[in-house]
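# Per-entry structural report
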Amino acid sequence: MIGLLVGVPLLGAAVLLLGGRRLDRSGHWLATLLAAVSFVIGAVLFASMLGEDAESRAMHSKLFSWVPVEGFQADMAFQLDQLSMTFVLLITGVGTLIHLYSVGYMEHDPKRRRFFAYLNLFLAAMLLLVLADNFLLLYVGWEGVGLASYLLIGFWQHKPSAATAAKKAFLVNRVGDAGLAIAIFLMFTTFGTFAFAPVLSAAGEASEGKLTAIGLMLLLAACGKSAQVPLQSWLGDAMEGPTPVSALIHAATMVTAGVYLITRSGAIFNGAPDAQLVVVIVGAVTLLFGAIVGCAKDDIKKALAGSTMSQIGYMILAAGLGPIGYAFAIMHLVTHGFFKAGLFLGAGSVMHGMNDEVDMRRYGGLRKHMPVTFVTFGLGYLAIIGFPGLSGFFSKDQIIEAAFGKGGTEGWILGAVTLLGAAITAYYMTRVMLMTFFGEERWRKAPTPSPAEPDVEPAAETRGAYAPPHPHESPKIMTIPMIVLAFGSVFAGGLFKAGESFVGWLEPVTQFEHGHSPVSATAVTAATIVALVLGVGAAYLQYGRKPVPALAPRGSLLTRAARRDLLQDDFNHVVLVSGGTHLTRSLVYVDNKVVDGAVNGTAASFGGLSGRLRRLQNGFARSYAVSMFGGAAVLIAATLLMRAV
Amino acid sequence: MTGMIDVASAGGAPGVHSLWTVAAGAGDKLQAPSIEYGKLSPTLIVLGAAALGVLIDAFAPRRARYGAQLFVALVGLAAAFAAVIGLAASGAGTTEAQIAGMGALAVDGPALFLQGTLLLVGIVGVFTFAERKLEPSAHGSRVDSFAAQPASVPGGEGETQAVKAGWTTTEVFPLLMFAVGGMLLFPAANDLLTLFIALEVFSLPLYLLCALARRRRLLSQEAAVKYFLLGAFSSAFLLFGTALLYGYAGTVSYSGIARVVSGTDAISDPVLAQTAGNDALLLIGGALVVMGLLFKVGAVPFHMWTPDVYQGAPTPVTGFMAAATKVAAFGALLRLLYVVLPGLRWDWRPVMWGVAILTMLAGAIVAITQTDIKRLLAYSSIAHAGFLLAGVIATSKDGISSVLFYLGAYSFVTLGAFAVVTLVRDAGGEATHLSKWAGLGRRSPLLAAVFAVFLLAFAGIPLTSGFAGKFAVFKAAAEGGAGVLVVIGVLASAIAAFFYLRVIVLMFFSEPQADGPSVAVPSVMTTSAIAIGVVVTVVLGVAPQYFLDLAGQAGVFVR
C-alpha cells in the first residue's frame, strides 16, 4: 500500500514517457488521474492511521532487500509515520491541484505529454524521499527530485535562459547532494547503518563532534534543496520553468525537502547544539535575504521566489530551534504549501491573461478583469503576511514565539529577526498586491525603454505597434484549484492551531517541548500584528498612494543590489567560477606537463624497449636455439642455486 | 595401479612402466596388460578416427574425400566429447578418479576437463580447417587454406598443375585428429615416457600442418622447419630430463618419482646405486623436463619460435595450435609440477617466478611494436602464457582450477580471433598487416565489433571471459603468496591493453585505406567458429560462476 503511493505516479511517468505520441491527447488526464489516485491512497492511509493510537501509528513496509551485503544492508523499505503522512498529503494534494491547473495552463504546449510525465516523476521522487525508511533510499528520492526539477525548470529548453537556469539549479543542488552523501558516509562509519530507526535511536550515544559533522553536512544538503544561503542562487532563476512548476517546487515539493531532512534527523541535531546554531543562523539570514530580494523584484514570479526563500528561512530557523520548533516548522510548511501554491497559480493566471508578461510595472488594476484570481490571490496574500485568523498568522506567530522561546540573547535576536521578517513580508507582498491588482492600468500604454537601466533590452513589442493585452479570467480548470487552495490558505492554520492538534499529531515523531519565552504569547502576537501593520502601511504609502512608475526608478544602492539578488551571482562568479576556472587551468597544466609527461614517457620507454627486444627476434633458428640453450643453462643454474642457498 | 604392483611383484624392475618391463623381462610369462578401454575411450575414439581418416585419404576417390574426412573428424570428436561427458558424469573426474592403462594415464578431473576443452577446440578447429569459401575457387573447384599439393616446390611446375586441377589437401583432417589424440594424452600422461610419446604424437602433425599454407608457401615452410628444429631440440631436453629423473628415482612413473622425492620409497635396484637419490640429477632432470613443456607453452626464453611459426602457418592451423597446444601443455605442466615435483616446490617456485615475470613482460612489451596481426597475437599468446604461469605457481587447488578455467576461456577467444583474421583478405590472401585493418569498423562493423570483443577479452576487460580468467588466476596467485607476481601481472596487462586497444582504435577511429582489404563472406563453418568464440567469451564473462565451479570440482589430480 505504501509502495503504491510512490509507484502510481512513477508508473504514470513511465507510461507517459514510453507511450509515445499516441498518448499526446490523453496523457495529461492520465497523469492527473494518477496523482489523484496517489492522493486518495494517501487519504485512506491517513484515515486508517487516525484509527490507531498515537504511538503505534508509524507503518513500515519492506519491498525487497536492495543492497544485501554483509555489514551494508540497504532495503527498499518505506516508513509512513505522522511526519511522512503530513508530507504525503501535502505533496499529493497540492500536487494533484497543480496537475489539474496545468491541464489548462499547458493546453497549447506541443510537449504537454512530456511535461505531465515529468510532473508525475517529480511527485514520485518526492514521495520516495519522504517515505524512505533509510537515508540511502532518501538519497535516491533526493536525486530524483533534483532530476525532475532539472527537467521541468528547463522544460522550455529552446530558451537559452531556461536551459541555463535548469543547469544552474542542477549544479547548485549537486553541492548540497554532496553534503548529503558525505552525511550518509559519516552515519555509516559512526553507526554502521543508515536506516532511520537505528541511527536516530543511537544518535545520543555518538560523540558530539561526529554529530556536529553529520548535522552540518545534512544542513548543507538542506541548503541546496531548500535554497538557503549560501546555496540559494538557483531559486530565482528557476522561475524560467512553466509557472505550475514553480508552484510545485515552491509549495509541495523540492524546497520543503530540506526542512523534512532536518526535522527527520532531529535526533542528530538535538545532540549537536553547534550544528543547530548554524541551522538557526542560516534560517535567519535567509529569512531576511529572501525578504529583501522580494522587495526589489518587479518580476511577479521572482518576487514570489524571494518570498519562498524567506518563508523557508522561517521553517529552517524553527527546525534549528530543536524540539520546540520542529512541529511549527512543519506546520508553517503545510500552510505555506497552500498559500504559496495559491499565489503561484494566481501569478500564472495573471500571466495567462497578460500574454505572459511578468513585469508588475506593466500590470495594474487587474482586480476588475480577473475577479477570481484577485480574490484567491488576495486570500493567499492575507495568509502569507499573517493576517490574523488566516493560516499564515497561526503558523508564523508560533515560530516567532518559539524564536523568543529559545531564550537568552539568542532568543531576543531571533525573535527580532523573525518580527522584522514579518514586517518586510507584509511590505513586499502588499507591494505585489498593489502593483498587480490595484492602481492605474499601466498595461494599456506602450512601454518605453528604461533610462535607469540602459542594459535592459527593450521588449520586443516596443519595436512594432503596441497592442495592449486583453486581461481575462482564466478557465475553470485553472481557477478551481486556486479556489481550493484559497480555502486551505484561510482555514488550515486555524485547524492546526485548534487545541494544538497539529503539534500533538507530530509529537510522537518530532517530540515537543514548550519554549520558555521571556515575553508572553499575547505580547508576541501583538508585536506581530504591529509589524504587519507597519509593513502594509509602508507599502501602501509607497505604492498605493502614489502612481507606480511604469519604469523602475534607479533606486538606492540597496535596491539595486537586491534587484541583483543581493549580488549572490556576482559573488559566486568572482569566488567560485573564476576561482574554479583558475584551479582547473592550473590542474590542466599539471596534467599536461607532469601527468601526461610521465605517462607518455613511460609509454615511450616501453616502446623503445619493445623495439630493442624485437631485434632479438632475428628470424634465424640457430639464434633461437642458442637462446633456448642459454635460457636452459640459466634456469638450471638458478635451480641449483636455489638449493644451495 | 594394481597392474603395476602385480608386475613389480612378478619380478620386473620396480616402478618402471609395466608395458616395457614385461616385454624386457626374460623368461617371465607374458602377462596381458589390463587396459580400461572405457576410461580411455575419448583418446581411443579420436585416434581411431584419425586412422580411419588415413585410410580414407588412401582409398577413397578424390572427390569424396573432403566430405568423408569432415564427417569422420566431426563425428569422432563429438563422440569423444560425449565419452568425456559420460566419464565426468559417472564421477571419473572426482570420486572415481584413477590411474588407467597400467599406470600410463590418469583419468581425473583436470584430465577430463582439459580433454573436454581440447575436443571442443578440435571441433571448432575442424570448422576453420574445412572452410572453402574464402579462397577464390581454382579452376572451378572450391579450395581451402591449404596447399594444393604439399610435396610440390613452391612456385614450381607441380604446384601450378595441382592448383589447376583444383586439388586440396584432405590429409589435414587426419593430421589434426592425430594432433588432438596426442594432446588428449598429454595432460593425462602419468609417466614421463607416455608424456614424451604424447608430445611427439601431437607435435609431428603440427609441424606438418604448419608447412601447408596455400599462400606464401615459403614463409609457411620456413616456419615449419623452424618449429620442427626447435621442437626437436626441446624434445631432447625433455627426454634427457626423463633419463636423469629415472637415474634419480629408478622409475618414470609420476607417483613413483614423487614418492622417492618425499622419501617414502627407497630404491633397491643395484644398477642405479651410483645415481639414485642424487639431488643434482633430480633438480637438473626436473628442470629439463619442465623446460620441454615451457617450450610448448611458449614461455620466455623458449618462446622465440612462437611469432615466426604463428605468422607462417596457415591461419586455421595457427588458431588451432595456439589454442590447443597451450591447453595440452599447461595441463601436462600442472600435472608434472603438482604430482611429481610438489616436494621440490621451494626449488622450482623461484625459478618459475622469474620465468613467469619475464614471459608476461616480454610478451606484452614486444607486442607493442608489432605490425602484423598474427605476430601481434603470437606475442599476446606469450604474455598469456605468463599469466597462466602465475596461476600455476599458486601451488594450490585454486591455482589448478583457475588455470583450467583460464585455458578454457582463452582457447575460444584465440580460435575466434584467428578465424576473424582469415576473413580479412586482399588480392594476396589474408591481409595481416595492421595498416590494412585501418577503418575496418566502418566497412564491416559487425566483424570489427566481434574482433573487438575478442581483443577486449585478451585484454581482460570485465564482462568478457578474459577478465574472469585473469581474475581467477591472479586471485589464486595472490592467495598463494605471489603478490609481487600479481602486481607485475597487472602491470603487464596494462601494457598489453595498449596494443589490443590500439587495434580497436585503428579499426574504428581511422580512415579506411583506399586499397584496403575486403571482408570475405565465410561459409557456415567459419561463421559458427566465430560465433562459438563470441558466445563462450561473453557467457564466461557475464556468468562465469558455473564454469568456475566446474573447474573447481575438476581441480584435483589423482596420484
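The coordinates are above.
In this report, we go over the structure that sits alongside the text. (Residues numbered from 1 in each chain as written. Chains lettered and ligands numbered in written order. Predicted model: local features only at pLDDT ≥ 70, side-chain atom pairs only at ≥ 80, totals over all residues. Heavy atoms only, no water.)

## Here's the deal with the overall build of chain B
When helices and strands are counted, chain B shows 22 helices and five strands. Per-residue burial over chain B gives 63% buried out of 559 residues. Within chain B, contacts between residues separated by at least 24 positions form 81% of all contacts whose residues are at least 6 apart in sequence. By element, 69% of the accessible surface of chain B is carried by carbon and sulfur atoms, the whole surface being about 19200 Å². (Helix = DSSP H or I, 4+ residues; strand = E, 2+ residues; numbered from the N terminus. Buried < 20%, exposed > 50% of the residue type's maximum accessible area, 1.4 Å probe, protein only. Contact = heavy atoms within 4.5 Å. Areas by Shrake-Rupley, 256 points an atom, 1.4 Å probe, with all protein chains shown as cover.)

## Description of the overall build of chain A
From N to C terminus, chain A includes 24 helices and two strands. Buried positions account for 54% of the 645 residues belonging to chain A. Excluding contacts between residues fewer than 6 apart, the proportion of contacts in chain A whose partners are at least 24 apart in sequence is 81%. With an accessible surface of roughly 25800 Å², chain A has 67% of that area assigned to carbon and sulfur atoms.

## Observations concerning the environment of Gly441 of chain B
Residues and elements named next belong to chain B. For Gly441, the position within the fold is in helix 17 (residues 440–443). Given a relative accessible area of 11%, Gly441 falls into the buried group. In contact with Gly441, other than residues within four places in its own chain, are Ala448, Met507 and Phe508.

## Some details on the packing of helix 15 (residues 326–353) of chain A against helix 17 (residues 391–405) of chain A
Residues and elements named next belong to chain A. Their axes nearest at 9 Å, the elements helix 15 and helix 17 cross at an angle of 150 degrees. The orientation of helix 15 with respect to helix 17, classified from their angle, is roughly antiparallel. As helix 15 runs across helix 17, the sense of the crossing is left-handed. In contact with Phe328, Met331, His332, Thr335 and Phe339 of helix 15, helix 17 contributes Ser391, Gly392, Phe394, Ser395, Lys396, Gln398, Ile399 and Ala402. Here the residues of the contact of helix 15 with helix 17 are counted per class, giving six nonpolar, six polar and one charged. (Axes fitted to C-alpha atoms, helices over the stretch in contact; angles between N-to-C directions. Parallel < 35°, antiparallel > 145°, perpendicular 65-115°, else oblique. Left-handed = near helix turned anticlockwise from the far one by under 90°. Nonpolar A, V, L, I, M, F, W, Y, C, P; charged D, E, K, R; others polar.)

## What to know about the interface of chain A and chain B
Across the contact, 25 residues belong to chain A and 35 residues belong to chain B. At the boundary of chain A with chain B, total buried surface from both sides reaches about 2600 Å², with 75% on carbon and sulfur atoms. Contact with chain B buries surface across chain A, with Gln617, Met628 and Arg643 of chain A losing the most and accounting together for 25% of the total. Where chain A touches chain B, the interface holds two salt bridges. With its nearest N and O atoms 2.8 Å apart, the salt bridge here joins Arg643 of chain A to Asp347 of chain B. Linking chain A with chain B are 12 residue pairs in polar contact (both at pLDDT 80 or more), by the criterion used here. Breaking the side of chain A that touches chain B down by element, the ones donating at least two residues are helix 23 (568–616) and helix 24 (621–644) of chain A. When residues of the side of chain A that touches chain B are assigned to their parent elements, the largest contribution, 15 residues, is made by helix 24 of chain A. Its residues assigned to classes, the side of chain A that touches chain B comprises 15 nonpolar, eight polar and two charged. (Buried area = accessible area lost by both parts, 1.4 Å probe. Salt bridge = Lys/Arg side-chain N within 4 Å of Asp/Glu carboxyl O. Polar contact = N/O pair within 3.5 Å; in protein donor to acceptor, adjacent residues only side chain to side chain.)

## A closer look at helix 16 (residues 371–385) of chain A
Side chains three or four residues apart in an α-helix point the same way, a direct result of the helix having 3.6 residues per turn. Residue and element names in this part refer to chain A. Relative to the 21 Å expected for 15 residues at 1.5 Å per residue, helix 16 spans 21 Å between its end C-alpha atoms, a close match to the ideal helical length. Of the residues making up helix 16, those classed as buried are Thr373, Thr376, Phe377, Gly378, Gly380, Tyr381, Ala383, Ile384 and Ile385. Elements that come into contact with the buried residues of helix 16 comprise helix 14 (300–320), helix 15, helix 17, helix 18 (408–437), helix 19 (476–497) and helix 21 (521–544). Two residues or fewer past helix 16, Gly386 is found with a positive phi of approximately 85 degrees. (Expected span 1.5 Å × (residues − 1).)

## With respect to the pairing of strand 1 (residues 59–69) of chain A
All names here are of chain A. In this sheet, strand 2 (residues 72–80) lies alongside strand 1 in antiparallel orientation, the contact comprising nine bridges. When the bridges of strand 2 are listed, Val67 appears paired with Ala74. Linking two consecutive strands that pair antiparallel, namely strand 1 and strand 2, is a turn of two residues; a positive phi of about 80 degrees is found at Gly71 within it. (Pairing = 2+ DSSP bridges.)

## Some details on the nonpolar core
Ranked by internal contacts, the top residues of the largest apolar core, which has 202 residues, are Phe186, Leu294, Phe320 and Phe451 of chain B. Considering each element in turn, this core owes the most residues, 18 residues, to helix 13 (residues 315–340) of chain B. When neighbours within four sequence positions are excluded, Phe186 of chain B is seen to be in contact with Leu195, Ala198, Leu199, Phe202, Leu293, Ala328, Ala329 and Ala332 of chain B. Within the second largest apolar cluster, 191 residues are counted, among which are Ala13, Val103, Leu152 and Val255 of chain A. (Core = buried A, V, L, I, M, F, W, Y, C linked by side-chain atoms within 4.5 Å.)

## Quick look at unusual backbone geometry
That bond from Val229 of chain A to Pro230 of chain A is cis: its omega, 10 degrees, falls within 30 degrees of zero. For Pro230 of chain A, the location among the structural elements is in the loop between helix 8 (208–226) and helix 9 (234–237). Residue Pro301 of chain B is bonded to the preceding Val300 of chain B through a cis peptide linkage, with omega at 5 degrees. For Pro301 of chain B, the position within the fold is in the loop between helix 11 (279–297) and helix 12 (305–312). One non-glycine residue, Met254 of chain A, adopts positive backbone phi at about 60 degrees. By secondary structure assignment, the location of Met254 of chain A is in the loop between helix 10 (243–252) and helix 11 (255–264). A positive phi angle, close to 65 degrees, is found at Asp356 of chain A, a residue other than glycine. Residue placement: Asp356 of chain A occurs in the loop between helix 15 and helix 16.

## What about the pattern of salt bridges?
Counting across every chain of the model gives 25 salt bridges over all chains. Residue Glu240 of chain A pairs with Lys159 of chain A through a salt bridge whose shortest N-O separation is 3.4 Å. On the criterion of sequence distance, the pair formed by Glu240 of chain A in the loop between helix 9 and helix 10 and Lys159 of chain A in the loop between helix 5 (135–153) and helix 6 (160–191) is long-range, its members being 81 residues apart. On the accessibility criterion, Glu240 of chain A (21% relative accessible area) is partly exposed. You can call Lys159 of chain A partly exposed: its relative accessible area is 30%. Taking the shortest distance from any N to any O, the salt bridge between Asp108 of chain B and Arg335 of chain B comes out at 2.9 Å. In this pair, Asp108 of chain B sits in the loop between strand 2 (105–107) and helix 5 (109–129) while Arg335 of chain B sits in helix 13, placing the two residues 227 residues apart along the sequence. Residues joined in a network through salt bridges with shared partners are Glu143, Arg174, Asp177 and Lys225 of chain A.

## Details of the environment of Trp305 of chain B
Structurally, the position occupied by Trp305 of chain B is in helix 12. Along the primary structure Trp305 of chain B and Ala224 of chain B are separated by 81 residues, whereas in three dimensions their C-alpha atoms are 9.9 Å apart. With sequence-adjacent residues up to four places away left out, Trp305 of chain B is seen in contact with Tyr624 of chain A together with Tyr227, Leu230, Phe295, Lys296, Gly298 and Tyr310 of chain B. From its side chain, Trp305 of chain B meets the backbone oxygen of Phe302 of chain B in a polar contact 3.1 Å long.

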